[in-house]
Amino acid sequence: EVQLVESGGGLVQPGGSLRLSCAASGFTFSSYAMVWVRQAPGKGLEWVSTIYADGGSTNYADSVKGRFTICRDNAKNTLYLQMNSLKPEDTAVYYCAKSLGYSGSFYYTREYDYWGQGTQVTVSS
C-alpha cells in the first residue's frame, strides 16, 4: 500500500522558515518524481515544486522561486521542502504527491496518483 505522510507544518511569523517532510512507503521511491502542491483557504490547488526521481533536476512555481528548496533522500524514502522567507500568502495546506513518471514538470494533478494527507502551514504575526 502506497503511503505518503507529511510533517513539519505549523505556525510561523512572516520571514520565518519551516521544513516539511514527506515519508514515502509502498513503492520504489527512487523511481518517481515527486511534487509539492498547496491549497490556500478558499482557493484551488497550486503546484509548488517538482523534483526528478534521481534528484537531479527541480522546478519551482514563480511564487516560491528563490525562497523554497525541494530535495529528497532516496535512501530514506523521504521528500523535503525547505521554506524560507515565508509570507502570509504562503499560508496553505501543503501536500506531497507521487507523480506518474521519473522526470518531468508534473504541473497538473492528473499527473499524480497518490497524495499525502497534508500539513497545515500558517504564516502570521
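Residues numbered from 1 in each chain as written. Predicted model: local features only at pLDDT ≥ 70, side-chain atom pairs only at ≥ 80, totals over all residues. Heavy atoms only, no water.

Digging into the sheet that holds strand β8 (residues 78-83)
At step 1: An order of β1-β3-β8-β7 is seen for the four strands of this open sheet, with the pairing classed as antiparallel. Taken across any chain shown, the strands that pair with only one partner, and hence form the sheet edges, are β1 (3-7) and β7 (68-73). The sheet shows a mean angle of 15° between the axes of neighbouring strands, taken without regard to direction.
At step 2: Across six bridges, the pairing between strand β3 (residues 18-25) and β8 is antiparallel. (Pairing = 2+ DSSP bridges. Helix = DSSP H or I, 4+ residues; strand = E, 2+ residues; numbered from the N terminus. Axes fitted to C-alpha atoms, helices over the stretch in contact; angles between N-to-C directions.)

Looking at the state of the cysteines
At step 1: Within this structure, the stated rule accounts for one disulfide.
At step 2: Shown here is the disulfide that connects Cys22 with Cys96, its sulfur atoms set 2.0 Å apart. Sign of the S-S torsion, about 60° for the bond between Cys22 and Cys96, identifies this disulfide as right-handed. Taken together, the residues Cys22 in strand β3 and Cys96 in strand β9 (residues 92-99) connect sequence positions 74 residues apart. With respect to class, Cys22 is no different from Cys96; both count as buried.
At step 3: In this structure Cys71 is not part of a disulfide, and its nearest cysteine sulfur, from Cys22, lies 12 Å away.
At step 4: Among the residues examined, Cys71 registers a relative accessible area of 34% and is labelled partly exposed. (Disulfide = S-S within 2.5 Å. Buried < 20%, exposed > 50% of the residue type's maximum accessible area, 1.4 Å probe, protein only.)

Notes on the pairing of strand β11 (residues 119-123)
At step 1: Here β11 shows a clear split, with Thr119, Val121 and Val123 buried on one side and none of Gln120 and Thr122 buried on the other.
At step 2: Inspection of the sheet shows strand β2 (residues 10-12) paired to β11 by three bridges, in the parallel sense. If you follow Leu11 over to β11, its bridge partner there is Thr122.

Examining the nonpolar core
At step 1: Ranked by internal contacts, the top residues of the largest apolar core, which has 35 residues, are Trp36, Phe68, Leu79, Leu81, Met83 and Tyr94.
At step 2: Of all the secondary-structure elements, those providing two or more residues to this core are β3, β4 (34-39), β5 (45-51), β7, β8, β9 and β11.
At step 3: Per element, the largest residue contribution to this core is five residues, and it comes from β9.
At step 4: For Leu79, the contacting residues outside a window of four places in its chain are Leu20, Ser21, Cys22, Phe29, Met34, Val35, Trp36, Ile51, Ile70, Cys71, Arg72 and Cys96. (Core = buried A, V, L, I, M, F, W, Y, C linked by side-chain atoms within 4.5 Å. Contact = heavy atoms within 4.5 Å.)

Remarks on the environment of Glu89
At step 1: Along the polypeptide, Glu89 turns up in the loop between β8 and β9.
At step 2: The class for Glu89 is exposed, based on a relative accessible area of 53%.
At step 3: Between the C-alpha atom of Glu89 and that of Ser125, which follows or precedes it by 36 residues, the distance is 12 Å.

Digging into the pairing of β4
At step 1: Judged by how many residues are buried, β4 sits mostly within the fold: five of six residues are covered.
At step 2: Summarising the sheet, β4 and β5 pair through six bridges and their orientation is antiparallel. Within β5, the position partnered with Val35 by the bridge is Thr50.
At step 3: Following β4, the chain reverses through five residues before pairing antiparallel with β5; Gly42 in that reversal takes a positive phi of roughly 75°.

Read these as geometric descriptors, not functional statements.
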